[in-house]
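Residue-level structure breakdown
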Amino acid sequence: MVATMSESTISRAECENRTQNIHDLSLQLHLDLHRAAEGDDFFPVHATWKFSSEASSTHLDYLGKLSELWINGQRQDPHAAHSEGRIHLENLRVGQVNEIEIQGLSRYSRTGQGLHRFHDGDDTYLYSHCEPSDARRIFPCFEQPDLKARVSLSISAPTTWRVFANANPLRQEDLDRGRRRTYFDSTPPLSSYLTAFAAGPYVGEQTTWHDQRSGNTIEVGVWCRHSMREYLDAEDFLTLTTGGLSWFCDLFDSAYPWQRYDSILVPEYNIGAMENPGLVTFTEKFIFRDDPTDAERAARANTVLHEMSHMWFGDYVTPQWWDDLWLKESFAEYMGSAASCATTQHTDAWVNFAGIRTAWAIEQDELSTTHPIAADIPDVDAARQNFDGITYAKGAAVLRQLVHFVGDDVFQEATRNYFRDHAYGTATFADFIHHLSEASGKDLGQWVYLWLQTTGVDQLTTTCEGSSVVIHNHGTPQRPHRLDLSVFHNYKGILQPLHRVDVELNGSETRIDTGLDSEQLEQSLLVVNDQAYSYCLAQPRAQDLALLDQSLSTIEDDLTRTVLWQQLWNLVRQGLLAPRHYVNMVSVHAWAERNATTLSTIVDNTRIAVEKYLAREHQDKVRRILARNLRDLLSEAVPGSDSQRIFLTGYISALGAVDAEDSPARLRALLDPAVLPDLARGPKLRWDIVCALRSLGVFGEAELAEEVQRDNTLNGKVRHLQATYCEPGRRKELLSRLTEPGELSNDELRAGLAAWNMPGAAAAEERTRVLGVENYLNHVSTWWETHPMEMANFIVRGLYPAEDQDGVAKVDQWLKTHPDIPRALQRALVESTDRARRAVMIQHAYPEGE
Ligand SMILES: [Zn+2]
């Protein structure tokens, strides 16, 4: 199977040309999905486009089979008109309305792109995902964000199904053979990437929300497949949704711009969620089959509110082209945290942001492929690669800095004006900055240039001179920062806040008089960017590090502690703090960490420290130490607490990596509900334990078969596949399944890659044996060409094998001699190589392992 047939990219230049010529678009669309359950690979599509044109020719984008085409009533030869994913439209009426009628057959997908179909037991379900350019897999369209159309949709489906779309259903018509056709209201102007459909025997709950500004009653629902219904806490979802809607409407001084608000949770989904107006899709990972930690609940709330803010940022006012992807994503990230603080019990959202999202941003910003927040995106393939830590997390961190710089009121006024001026239209970077400059009365040109149009993160260090602290900015260029400097006094081993000052940094040095005497200052802990208002790499001094070693967990403020954990991890990543040292600090201080997100992050980091940043000869010793330390932490954790759950997850992973005599027995004991009785173990934790046991080669096929009987669901089958291939000796077979086009769904592929990359010495040795660097490089182009891009990305990144200097050099050489590979493949390889290079650098910085 060649999956990439005629999937040529879509360029900015061709879209700009269409923008010039095409206006006043509307679409009538019918999707006939009634045979989806019967195994048909294709579904019939009937589309009628109306638009006025300033040119005699243009084209539509479509990746299905075109069977009929009429242009203004004239039948055309569909074969001649359709090539390379484009339907060429000739002899259009210039300056007049044109009507294009099309019939085609589109393919159900299994990759999470286009109209995805999955089966759960005897049930069949469908949902769509179109961003950035996969609407063309479902129906013929103008696949670019700025050609918005009013869409009138109808769907034929079995009468037993529910159907969903962006708009309200208007009426239904029963047809023969158990079919029903549902007609939806016409949408406001909608970009192709935001069209959304779902159909199947979905179940869920509904409520209504009253929009005070428009007077409308909005239906709000939450839906999932049947077998997940028992785990869906619908009430939590609905409360979060209605509370968020009221808050955003007040904040933006705007009525809700769409007709309804369904949330649908689906499996085999490639990303976290998608902001389709009126029909937001979420990964099913947000339905918790095990008791969730507060970190998991907070992440879900944040995502719900992130998507909701997109109803304005992105959907109501859409970036004109993918260059300004950050215009919607950075804002949604920022708003997700701001709204979490304002409307949920997760008032620590900025702590979580500082702990996770900023780390993501810095990691990405240190890769050689980093790019300015405001990027240059020549085509949609490049856009697809930019849904990354820069566009999302760095953009949001910089936006937090911008709001701190101009003030909340100014930011609010600017956003309100921005929505008012561009309602249901599109906008650019310059439009938003214009509104912000107007509201603030400041010329933001230089600020915008330094923060949004350059790359990298400023490194900040401190020195003391008398009663002053000098903050040195080593960045190029040196960006202005407004942030907090805090001084903590060491009182008998407890770090207590003594002094906090709000400072503006300009240039290479900023001197701050603290009013404290020099001796006191020398003995205190200095924390730069204490409240995480700015985006920077602040480096603690040697004496700060000594204080943190002793007393990090005595700091009261969650945000300060999280900022410091983050600074320590950055030191590890720069080769300035031994990974072993970091593991020790976690072992000493983690018991007291109250914030579940921060705790999860530091426990996860210990695994990376051992598996990636220690040379192989030192790993086993530290793996054992880590497993023992996590066992101690687990035994001391409050029964039933988040900490207990987080330590248990870390402990299971650590035990599976340690080939010690007692590991299997310790793991098996954890399967027994009588052990740690206050900690409810759902299917997820159970599968984690089974995978760890399989890694040790001590959990046979018969036992495994029993496990899948115990969890006979779609999720259970995916975890079963993972567990199967965790066993030593199965990686050769696994490799051929992972790389065979069409063999695995996206969820299965990810589970297979998780098995491939299990921690531990035996797994690492087997990976090297089965797939060395040369072998990988010989195949990587073929894998890329024969899989859709999302899947290809997982494969190329997930199987990346180089982990020493020699391997890195081989990939570098290969990249030099293969300059013509697709840009997105190149980016995947360069990023993986950068990460491997960093790991090698850290390993060499500590040749003795500590
Ligand atoms: Zn988003």
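These numbers were taken from a predicted model, which means no experiment stands behind them.

Time to look at helix α4 (residues 294-310). Helix length check: α4, at 17 residues, gives a terminal C-alpha distance of 24 Å against a target of 24 Å (1.5 Å per residue), a fit within 8%. In terms of burial, α4 is largely enclosed, as 13 of its 17 residues are buried.

What follows covers the coordination of the zinc ion. Those donors, H306 (NE2), H310 (NE2) and E329 (OE), are the protein atoms that reach the zinc ion, and they lie 2.0 to 2.1 Å from it. Of note, the zinc ion draws all its donor residues from one chain, in the sequence arrangement H-x3-H-x18-E. Note that H306 and H310 are positioned in helix α4 at a spacing of four residues, about one turn of the helix. What makes H310 buried here is its relative accessible area of 0%.

Summed over all chains, the structure comprises 48 aromatic pairs. Aromatic pair F139 and F197: ring centres 6.1 Å apart, planes at 90°, arrangement edge-to-face. Of this pair, F139 sits in the loop between β10 (123-129) and β11 (149-158) while F197 sits in strand β15 (residues 197-200), placing them 58 residues apart in sequence. You'll find F139 and F197 in the same group, each marked buried. The ring centre of F42 lies 4.2 Å from the NZ or CZ of K65, which sits over that ring. In this arrangement the basic side chain of R479 is found over the ring face of W451, its NZ or CZ atom lying 5.8 Å from the centre.

For the bond from E131 to P132, the omega torsion is -5°, close enough to zero to count as cis. By the element assignment, P132 lies in the loop between β10 and β11. In this structure, the amide linkage connecting T476 to the following residue, P477, adopts the cis form with an omega of -5°. With respect to the helices and strands, P477 occurs in the loop between β24 (468-473) and β25 (481-491). One non-glycine residue with positive phi stands out, namely N91, at about 55°.

What follows deals with a negative patch on the surface. The grouping of D408, D409, E413, D421 and E438 at the surface amounts to a negative patch. Among the elements that make up the negative patch, the one with the highest residue count is helix α9 (residues 408-422) (four residues). Along the chain, the position of D408 falls in helix α9. A residue is classified by how much of its surface remains accessible, and D408, at 53% relative accessible area, is exposed.

Along its sequence, the chain is organised into domain 1 (1-201), domain 2 (203-457) and domain 3 (773-850). For domain 2 and domain 3, the distance between their C-alpha centroids amounts to 32 Å. Across the boundary between the two partners, domain 2 contributes 15 residues, which contact 14 residues of domain 3. Together domain 2 and domain 3 conceal approximately 1200 Å² of surface at their shared face, both sides included; 42% is due to carbon and sulfur atoms. Considering only the side of domain 2, the residues that lose the most area to domain 3 are N270, T369 and Q385, jointly responsible for 42% of the buried surface there. Applying the counting criterion to the domain 2 and domain 3 interface returns five salt bridges. The partner of R823 in a salt bridge is D379, with the nearest N and O atoms 3.1 Å apart. Taken together, domain 2 and domain 3 are joined by ten residue pairs in polar contact (both at pLDDT 80 or more). Elements that contribute at least two residues to the side of domain 2 that touches domain 3 include exactly α6 (349-365) and α7 (380-385). When residues of the side of domain 2 that touches domain 3 are assigned to their parent elements, the largest contribution, three residues, is made by α7. Classifying every residue of the side of domain 2 that touches domain 3 gives two nonpolar, seven polar and six charged.

Once that is clear, we can look at the pattern of salt bridges. In the structure shown here, the tally under the stated rule is 73 salt bridges. Among the salt bridges present, the one from R35 reaches E38, with a minimum N-O distance of 2.7 Å. With relative accessibility at 35%, the residue R35 sits in the partly exposed group. One salt bridge in this structure joins D806 and K810, with 3.4 Å as the shortest N-O distance. Of the two residues, D806 and K810 both sit in helix α28 (residues 805-817), four residues apart, roughly one turn of that helix. A relative accessible area of 47% means that D806 is categorised as partly exposed.

Before going further, it helps to examine the sheet that holds strand β3 (residues 58-61). Taken together, the three strands give an open sheet; going across it, the order is β3-β7-β6, and neighbouring strands pair in antiparallel fashion. What marks the edges here is a single partner per strand, and that holds for β3 and β6 (82-83). With two bridges connecting them, β6 and strand β7 (residues 86-89) associate as antiparallel partners. Counted as the bridge partner of H82 is I87 from β7. Running at roughly 120° to β3, helix α1 (residues 12-21) makes contact with β3 and β7 of the sheet.

What follows deals with helix α18 (residues 642-657). Side chains three or four residues apart in an α-helix point the same way, a direct result of the helix having 3.6 residues per turn. Taking 1.5 Å of rise per residue, 16 residues should cover 22 Å, and α18 covers 23 Å from first to last C-alpha, within 8% of that figure. For α18, the buried fraction is high: 13 of the 16 residues fall into the buried class.

Within the element layout of this structure, T597 appears in helix α16 (residues 596-611). Classification of T597 by relative accessible area gives buried; the value is 7%. Those residues within four positions of T597 in sequence are excluded, and the remaining contacts are A295, N352 and I356.

When the UniProt feature table is mapped onto this chain, "domain: Peptidase M1 membrane alanine aminopeptidase" (unreviewed entry) is found at residues 242-449. Its end C-alpha atoms 38 Å apart, residues 242-449 is made of 57% helix and 9% strand.

Of all the eight residues making up strand β17 (residues 217-224), six are buried; the element is thus mostly covered by neighbouring parts of the structure. In this sheet, β17 lies alongside strand β16 (residues 203-210) in antiparallel orientation, the contact comprising eight bridges. In the sheet register, T208 faces β17, and the bridge partner there is E219. Hairpin connection of β16 to β17: six residues between the antiparallel strands, including G215 at a positive phi of 80°. Relative to strand β18 (residues 260-266), β17 is paired through five bridges, and the arrangement is parallel. Across the sheet, the residue bridging to V220 is Y261, located in β18.

Pairing is mixed across the open sheet formed by five strands, whose spatial order is β16-β17-β18-β20-β19. Since the sheet does not close on itself, it has two edges, and those belong to β16 and β19 (273-274), each with one partner. Packing against the sheet, helix α3 (residues 234-252) makes contact with β16, β17, β18 and β20 (279-283), and its axis sits at approximately 25° to β16. Against the sheet, α4 makes contact with β18, β19 and β20, and its axis sits at roughly 150° relative to β20, the strand it touches most.

Calculation rules
- Along each chain, numbering runs from 1 in the same order as the chain's sequence is written.
- Reporting in this predicted model follows two pLDDT cut-offs: at least 70 for local features of residues, and 80 or more for side-chain atom pairs to be given and counted; totals over whole chains, interfaces and linings ignore these cut-offs and use all residues.
- Calculated side-chain values reflect all of the structure's heavy atoms, with hydrogen atoms and water omitted.
- Only runs of H or I of at least four residues qualify as helices and only runs of E of at least two qualify as strands under DSSP, and these elements are numbered from the N terminus.
- Given a helix with a known number of residues, its expected span is that number minus one, times 1.5 Å.
- Buried, partly exposed and exposed residues are distinguished by accessible area as a fraction of the type maximum, computed with a 1.4 Å probe on protein chains only: under 20%, between the cut-offs, and over 50%, respectively.
- Here the coordinating atoms are restricted to nitrogen, oxygen and sulfur within 2.8 Å of the metal centre, or 3.2 Å for Na, K and Ca, and because water is not among them the sites may look incomplete.
- Note on aromatic pairs: the rings of Phe, Tyr and Trp (six-membered ring only in Trp) are paired at centre separations within 6.5 Å, and the planes decide the class, stacked below 30 degrees, edge-to-face beyond 60, tilted for the rest.
- Only when the NZ of Lys or the CZ of Arg is both within 6 Å of the ring centre and within 35 degrees of the ring normal is a charge said to sit over the ring.
- Residues enter patches when their relative accessible area tops 30% and they take part in no salt bridge; the joining distance is 9 Å for like charges and 5 Å for the nonpolar side chains Val, Leu, Ile, Met, Phe, Trp and Tyr.
- Per-residue and other accessible areas follow the Shrake-Rupley method at a 1.4 Å probe size, with only the shown protein chains counted as cover for residues.
- Think of a salt bridge as a Lys or Arg side-chain nitrogen and an Asp or Glu carboxyl oxygen that are within 4 Å of each other.
- The charge count includes Lys and Arg as positive and Asp and Glu as negative, but it does not include His or the ends of the chains.
- In this description, the location of a charge corresponds to atom NZ of lysine, CZ of arginine, CG of aspartate or CD of glutamate.
- An automatic or database domain assignment is the source of the domain bounds shown.
- The contact criterion used is simple: two residues touch if any of their non-hydrogen atoms lie within 4.5 Å.
- In this description, buried area is defined as the sum, over both parts, of the accessible area (probe of 1.4 Å) that is lost when the two are combined.
- Two N or O atoms form a polar contact when they lie within 3.5 Å of each other; inside protein one atom must be a possible hydrogen donor and the other a possible acceptor, and for residues adjacent in sequence the pair counts only when both atoms belong to side chains.
- Residues are grouped as follows: Ala, Val, Leu, Ile, Met, Phe, Trp, Tyr, Cys and Pro are nonpolar; Asp, Glu, Lys and Arg are charged; all remaining types, including Gly, are polar.
- By the convention used here, strands pair only if DSSP detects at least 2 bridges between them.
- In this analysis an axis means a line fitted to C-alpha atoms, helices contributing only their contacting stretch, and an angle means the value between N-to-C directions, from 0 to 180 degrees.
- UniProt positions are given in the numbering used here, feature names are shortened, and annotations may be inferred rather than shown by experiment.

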